[in-house]
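Take a look at the letters that make up each chain.
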Amino acid sequence: MEAGWLARMRWRRRGAWLWPTFVVVTVVDGLIVHALPMAGSSQTVAGGVLLGLILNVLAVLFLSRPLGAMLRRRRGDLPVGVARNYAGTMGVVLVTVALLAIGLLHRSTIESEQHALDDATVRAEAFIGDHAPATFRANVRHPDTFAIEPGRIFRTCVPSQSGRRSYCVVVDESLPMARSVTFAGYEPNRIFAEGAD
């Protein structure tokens, strides 16, 4: 009787990795999603932790039984509870690996869009410096850029010296440098963005 109890305790200790791992990788998931967002250009740690929590719960619910059954086929001596615990642990680790892989893949998109934004800003500043009235040229180093189509089309505005008006241009990154910038009016980007929403 006592030997059976000791064997069960040994199995429980060996199989009790799921919940400590769950807590640790949920926090790690939040940090990964913050550092390497899966979509957009940024994500909060709290949002990443929430996403990791949801995905980890789903992994435990839907992967622990089938993966546990597969594990038991390979190791018949494993109790059902321990096999499920190991499988759930594998599931939450797989979620973390997937978040890391998706974040790394998306990072190149973020870098490409940032490069396009920087290039569009340089083109806009050059155009404004050459074509805008003097009251706007004075603030050419204070551009406000709005991505109409991220990575391709941008609207850049600079305020006048009085700050009452803005001089705006649209930059199309897909066009050659000489034709890529066109005048786009005097409405500041905040008004333009409200209409775009």
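The structure reproduced in this document is the subject of the present report. Computed from a predicted structure; not experimentally measured.

**Comments concerning the overall build of the chain**
Part 1: Secondary structure summary: the chain contains 6 helices and 4 strands in total.
Part 2: Listing the helices and strands of the chain from first to last along the sequence gives α-α-α-α-α-β-β-β-β-α.
Part 3: Evaluated residue by residue, the chain yields a buried proportion of 36% over its 197 residues.
Part 4: Across the chain, every contact between residues at least 6 apart in sequence was considered, and the portion connecting residues at least 24 apart equals 52%.
Part 5: Accessible area for the chain stands at about 12,100 Å²; split by element, carbon and sulfur atoms hold 63% of it.

**Looking at the layout of surface pockets**
Part 1: For the largest pocket, the calculated volume is near 190 Å³.
Part 2: Residue lining of the largest pocket: Gly 40, Ser 41, His 106, Thr 109, Ile 110, Glu 113, Gln 114, Leu 117, Ala 147, Pro 150 and Phe 154, and that is the complete set.
Part 3: With 6 residues, helix H4 (residues 80-131) is the single largest residue contributor to the lining of the largest pocket.
Part 4: Residue classes in the lining of the largest pocket are distributed as 5 nonpolar, 5 polar and 1 charged.

**Comments concerning the pairing of strand E3 (residues 166-172)**
Part 1: Of all 7 residues in E3, 6 are buried, a share of seventy percent or more.
Part 2: Both strand E2 (residues 153-159) and E3 contribute to a ladder of 7 bridges, which runs antiparallel. In the sheet register, Thr 156 faces E3, and the bridge partner there is Val 169.
Part 3: Linking E2 back to E3 in an antiparallel pair, the connection comprises 6 residues, with Gly 163 at a positive phi of about 80°.
Part 4: Where E3 meets strand E4 (residues 181-183), 3 bridges bridge the pair, whose relative direction is antiparallel. The residue of E4 that forms the bridge with Val 170 is Thr 182.

**Digging into the packing of aromatic side chains**
Part 1: As enumerated under the stated definition, the model contains 6 aromatic pairs in all.
Part 2: Taking the centre distance of 4.8 Å and the plane angle of 45° together, the rings of Tyr 167 and Phe 183 count as tilted. With a gap of 16 residues between them, Tyr 167 in strand E3 and Phe 183 in strand E4 connect regions that are remote in the sequence.
Part 3: Note on Tyr 167: relative accessible area 5%, which makes it buried.
Part 4: Its relative accessible area of 40% is what places Phe 183 among the partly exposed residues.
Part 5: Judged by centre distance (6.1 Å) and plane angle (75°), the ring pair of Tyr 167 and Tyr 186 falls under edge-to-face. One end of the pair, Tyr 167, is in strand E3; the other, Tyr 186, is in the loop between E4 and helix H6 (189-196), and 19 residues separate them in sequence.

**Let's talk about the state of the cysteines**
Part 1: Evaluation of the coordinates by the stated rule reveals 1 disulfide.
Part 2: Bridging Cys 157 to Cys 168, the disulfide has an S-S length of 2.0 Å. Handedness of the Cys 157-Cys 168 disulfide follows from its S-S torsion of about 110°: it is right-handed. Taken as a pair, Cys 157 in strand E2 and Cys 168 in strand E3 lie far apart in primary sequence, 11 residues in all.
Part 3: What makes Cys 157 buried here is its relative accessible area of 3%.
Part 4: In this structure Cys 168 comes out as buried when scored by relative accessible area, which is 0%.

**Description of the nonpolar core**
Part 1: The biggest cluster of nonpolar side chains holds 14 residues, and the ones touching the most others in it are Ile 128, Tyr 167, Val 169 and Val 171.
Part 2: Going through the elements one at a time, H4, E2 and E3 are the ones with two or more residues in this core.
Part 3: Examining the composition of this core, we find that 5 residues originate from one element, H4, more than from any other.
Part 4: Each residue touching Ile 128, except ones within four places of it in the same chain, is listed here: Arg 137, Val 140, Val 158, Tyr 167 and Val 169.

Rules and cut-offs
- Residues numbered from 1 in each chain as written.
- Predicted model: local features only at pLDDT ≥ 70, side-chain atom pairs only at ≥ 80, totals over all residues.
- Heavy atoms only, no water.
- Helix = DSSP H or I, 4+ residues; strand = E, 2+ residues; numbered from the N terminus.
- Buried < 20%, exposed > 50% of the residue type's maximum accessible area, 1.4 Å probe, protein only.
- Contact = heavy atoms within 4.5 Å.
- Areas by Shrake-Rupley, 256 points an atom, 1.4 Å probe, with all protein chains shown as cover.
- 1 Å grid on protein atoms, 1.4 Å probe; cavity = no way out; pocket = protein on both sides within 12 Å on 5 of 7 lines; lining within 4 Å.
- Points joined across faces, edges and corners; volume = space filled by probe spheres on them.
- Nonpolar A, V, L, I, M, F, W, Y, C, P; charged D, E, K, R; others polar.
- Pairing = 2+ DSSP bridges.
- Phe/Tyr/Trp six-rings, centres within 6.5 Å; stacked < 30°, edge-to-face > 60°.
- Disulfide = S-S within 2.5 Å.
- Core = buried A, V, L, I, M, F, W, Y, C linked by side-chain atoms within 4.5 Å.

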